[in-house]
Amino acid sequence: VILQNQFQRLRDGDRFYFENTSSDPEIAAIQDTTLSDIIRRNTDTTIIQDNAFTLINNGTAGDDVLRGGLGEDQIFAGSGDDELFGEYADDQLYGESGNDLILGGSGNDIATGGGGNDILVGVDIPMNRGQGEVDILTGGSGSDAFFLGDEEGVFYDDGYNNLRGNGDYALITDLNVAEDLILLHGSVSQYRLNATGAGLEVLYRGSGSSELIATITNAPSNLSLSNEVFAFV
């Protein structure tokens, strides 16, 4: 108690202490600043987790933007409509409740939407686009969208025309054909489905051999590319 009283008096008597000199908006801005914010503003480091002291990032009940860093991050969004960015390394991202946007980034990521209508992208779109990684995508309840490509091209293409691409693909664990969507680049003629013991493979017909881009573990046996669950961009 004596030490607490001493530090309170030092604070209250310090004319340079920010709460004694700043306006309410300035005080709020300072209190909302983290060490990661300071590092981003004052160094050339652009990829750092939101909490510089831990790889575990917890969201709030509101709408959050949560970022991982260079390590193997765990991000728990909580409720609200959140945006989760795994960035680098092998991350685990959990949208939990709300309509969330989950971008795994590079590395072998686990992306789980949870409740709500979620968008799941396992890859780093501007960079490697899924090359050399295996991502596990679980939508959870609600109408979820799994992105396996965009207008620029297909994801999880290893770049070798003579290889099948078994080392990079998305593993979709809970496709609901009545509610979910799988987004694919190009047109239906560029793909084929192949049933295996591990699930239904989605194969892209590139300039060489067919390229594995996804395996759907729970796909119904009669699922075809003409089903409305597949959308082409």
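Before any of the text, the structure's been laid out above.
Keep in mind it's a predicted model, so treat the numbers as computed, not measured.

When helices and strands are counted, the protein shows 4 helices and 18 strands. Computed over C-alpha atoms, the radius of gyration of the protein comes to 22 Å, more than 25% over the 17 Å expected from 2.2 N^0.38 for 233 residues, which places it beyond the range of a compact globule. The C-alpha extent of the protein, read off along each of the three principal axes, is 75 × 35 × 30 Å. Each of the 233 residues in the protein was classed as buried or not, and the buried ones make up 39%. Look at the contacts in the protein between residues 6 or more apart in sequence, and 40% of them connect residues 24 or more apart. Put simply, the protein shows about 12100 Å² of open surface, and 52% of that area lies on carbon and sulfur atoms.

The next thing to look at is the pattern of salt bridges. Scanning the model with the defined rule gives 6 salt bridges in all. D37 is paired through a salt bridge with R40; the nearest N and O atoms lie 3.3 Å apart. Taken together, the positions of D37 and R40, both in helix α4 (residues 35–42) and 3 residues apart, correspond to about one turn of that helix. The partner of R40 in a salt bridge is D50, with the nearest N and O atoms 3.2 Å apart. With R40 in helix α4 and D50 in the loop between α4 and β1 (56–58), this residue pair connects regions lying 10 residues apart in the sequence.

One pass over the structure, following the stated rule, counts 4 aromatic pairs. A centroid spacing of 5.1 Å and a plane angle of 10° characterise the contact between F76 and Y94, whose relative ring orientation is stacked. Of this pair, F76 sits in strand β3 (residues 74–76) while Y94 sits in strand β5 (residues 92–94); the two residues are 18 residues apart in sequence, bridging distant segments of the chain. Owing to a relative accessible area of 24%, F76 belongs among the partly exposed residues under this scheme. Ring centres of Y191 and F232 lie 5.9 Å apart, and the angle between their planes is 50°; on these two criteria the pair is classed as tilted. Taken together, the positions of Y191 in strand β15 (residues 191–196) and F232 in strand β18 (residues 230–232) put the pair 41 residues apart, joining distant regions of the chain. Exposure remark for Y191: the relative accessible area of 3% places this residue in the buried category.

Counting 34 residues, the largest nonpolar core has L148, L175, I182, L184, Y191 and I213 as the members making the most contacts within it. Listed by contribution, the elements that provide at least two residues to this core are β4 (83–85), β6 (101–103), β8 (119–121), β13 (169–172), β14 (181–184), β16 (199–205) and β17 (210–216).

One open sheet holds the 9 strands; their spatial order is β1-β3-β5-β7-β9-β13-β17-β16-β15, and the pairing between them is mixed. The sheet terminates laterally at β1 and β15, the two strands that pair on one side only. If you compare each strand with its neighbour and ignore which way they point, the axes differ by 15° on average. Where β5 meets strand β7 (residues 110–112), 3 bridges bridge the pair, whose relative direction is parallel. Counted as the bridge partner of L93 is A111 from β7.

So, about the side chain of D158. Looking at the element boundaries, D158 is found in the loop between β12 (153–154) and β13. Salt bridges are absent for the buried D158, whose nearest opposite-charge side chain, R164, sits at 9.8 Å. Separated by 2.9 Å, the side chain of D158 and the backbone nitrogen of Y160 make a polar contact. Reaching out from D158, the side chain makes a polar contact with the backbone nitrogen of G165 at a distance of 3.4 Å. Not counting the four nearest positions on each side in its chain, D158 is found in contact with Q131, L163, R164, G165, D168 and E211.

Here we come to the sheet that holds β8. Within a sheet, adjacent strands bond to each other through the backbone by hydrogen bonds, running parallel or antiparallel. The sheet built from 7 strands is open, its strands ordered β2-β4-β6-β8-β10-β14-β18 with parallel pairing. Of all the strands in the sheet, the pair left with one neighbour each is β2 (65–67) and β18. Adjacent strand axes in the sheet meet at a mean angle of 15°, parallel and antiparallel pairs treated alike.

Reading guide: rules and limits
Once a new chain begins, its residue numbering starts again from 1 and follows that chain's sequence as written. Residue-level local features of this predicted model are given only where pLDDT is at least 70; pairs of side-chain atoms are given and counted only at 80 or more, and the full residue set underlies all totals for whole chains, interfaces and linings. Excluding hydrogens and water, the side-chain figures rest on all heavy atoms present in the structure. Only DSSP runs of H or I reaching four residues or more are called helices, and only runs of E reaching two or more are called strands; each is numbered from the N terminus. Radius of gyration: over C-alpha atoms. The globule rule applied is 2.2 Å multiplied by the number of residues raised to the 0.38 power. For every residue, the accessible area obtained with a 1.4 Å probe (protein chains only) is divided by the maximum for its type, and the residue is called buried under 20%, exposed over 50%, and partly exposed between those limits. It only takes one pair of heavy atoms within 4.5 Å for two residues to be counted as in contact. Exposure was quantified through the Shrake-Rupley algorithm and a 1.4 Å probe, taking into account, for residues, occlusion by the shown protein chains and nothing else. Salt bridge, as used here, is a side-chain nitrogen of Lys or Arg placed within 4 Å of a carboxyl oxygen of Asp or Glu. Pairing of aromatic rings covers Phe, Tyr and Trp, the last counted by its six-membered ring, and requires centre-to-centre distances within 6.5 Å; plane angles under 30 degrees mean stacked, over 60 mean edge-to-face, and any other angle means tilted. The criterion is simple. A nonpolar core is a set of buried Ala, Val, Leu, Ile, Met, Phe, Trp, Tyr and Cys residues joined through side-chain atoms within 4.5 Å. Note on pairing: two strands pair once DSSP finds at least 2 bridges between them. Throughout, an axis means a line fitted to C-alpha atoms (over the contacting stretch in the case of helices), and angles, computed between N-to-C directions, take values from 0 to 180 degrees. Only four residue types enter the charge count: Lys and Arg as positive, Asp and Glu as negative, with His and the chain ends excluded. Any pair of nitrogen or oxygen atoms within 3.5 Å is treated as a polar contact; in protein, a donor-acceptor pairing is required on top of that, and neighbouring residues in sequence qualify only through side-chain atoms on both sides.

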